[in-house]
Amino acid sequence: MRVHARSLDDEDLAAMRELLFSEGPNDWNYLTEESVNIQIELIRKGKATAVVVEDDSILGFAVLIFGDACPEKLNKYANLEQLAYINDVVVSHRLAGKGYGTKLLLESVALARANGYSSVYIERHEENAASAGMMKKAGFELVETVHDPDKRFTGSRNTSVLVKHRKGSAAAPD
């Protein structure tokens, strides 16, 4: 299995969409046709990329959005030009529990840093224990938890926002 970013063609994007809708939906994920279409369009425009786990097919991915293409709501934490945002992350059930989610996050952070972004943000449902563990293993720290009833339909209906800063950046202590 290889975890990396590479150029994606229409066939790859279709495989990603299929994987996301077949294995991504659950009570904790906010997943809509519109949100997926936006991510794919950002990838096509070069404003986002996907880090993929694959052998002869894509078995998981994380969508990494760059700078001013990040959700506007993140502007309250940092200047959008200085951050990247990990949107959807999905791993095939075949690979569940083998650390590939964490590897996708770590590779996404490395890619963001290589492109000059000082902070990487990510969100999850407050009660999503699997995502919480994956994000903790990748070194993300909680920024805040907010009530988010338009996006979260189960449980507490809260979204936790997390960040990983580059060591030595203005936003992170050394």
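The sections below set out a description of the structure shown in this document. Quantities reported herein were computed from a predicted structural model and do not represent experimental measurements.

## Quick look at the sheet that holds strand β7 (residues 158–165)
Next up, step 1: Taken together, the seven strands give an open sheet; going across it, the order is β1-β2-β3-β4-β5-β7-β6, and neighbouring strands pair in mixed fashion. Edge positions in the sheet fall to β1 (2–5) and β6 (141–147), since each has one partner strand and no second. Taking the axes of each pair of neighbouring strands and ignoring which way they run, one obtains an average angle of 25° across the sheet.
Next up, step 2: Taken strand by strand, helix α1 (residues 10–23) contacts β2 (48–54), β3 (58–66) and β4 (83–91), and its axis lies near 105° from that of β3.

## A closer look at unusual backbone geometry
Next up, step 1: Despite not being glycine, Arg157 has its phi angle at roughly 65°, a positive value.
Next up, step 2: Its place among the elements puts Arg157 in the loop between β6 and β7.

## What about helix α2 (residues 33–44)?
Next up, step 1: Here α2 contains 12 residues, and its C-alpha end-to-end distance of 17 Å stays within 8% of the 16 Å for a straight helix at 1.5 Å per residue.
Next up, step 2: Those residues of α2 that are buried are in contact with α1, β2, β3 and β4.

## Describing helix α4 (residues 129–137)
Next up, step 1: Listed as buried for α4 are Ser131, Met134 and Met135. All buried residues of α4 lie within an arc of 95° about the axis, which places them on one face of the element. Exposed side of α4, more than 90 degrees from the buried face: Ala129, Lys136 and Lys137 are the residues found there.
Next up, step 2: On its buried side, α4 packs onto β4, α3 (100–114), β5 (119–125) and β7.
Next up, step 3: The N-terminus of α4 is capped by Asn128, whose side-chain oxygen sits 3.3 Å from the backbone nitrogen of Ala130.
Next up, step 4: Downstream of α4 by one or two residues, Gly139 has phi in the positive range, about 90°.

Here is what the cut-offs are and how they apply
- Residues numbered from 1 in each chain as written.
- Predicted model: local features only at pLDDT ≥ 70, side-chain atom pairs only at ≥ 80, totals over all residues.
- Heavy atoms only, no water.
- Pairing = 2+ DSSP bridges.
- Helix = DSSP H or I, 4+ residues; strand = E, 2+ residues; numbered from the N terminus.
- Axes fitted to C-alpha atoms, helices over the stretch in contact; angles between N-to-C directions.
- Contact = heavy atoms within 4.5 Å.
- Expected span 1.5 Å × (residues − 1).
- Buried < 20%, exposed > 50% of the residue type's maximum accessible area, 1.4 Å probe, protein only.
- Arc of directions from axis to C-beta.
- Polar contact = N/O pair within 3.5 Å; in protein donor to acceptor, adjacent residues only side chain to side chain.

Interpretation in functional terms is not warranted from these geometric data alone.
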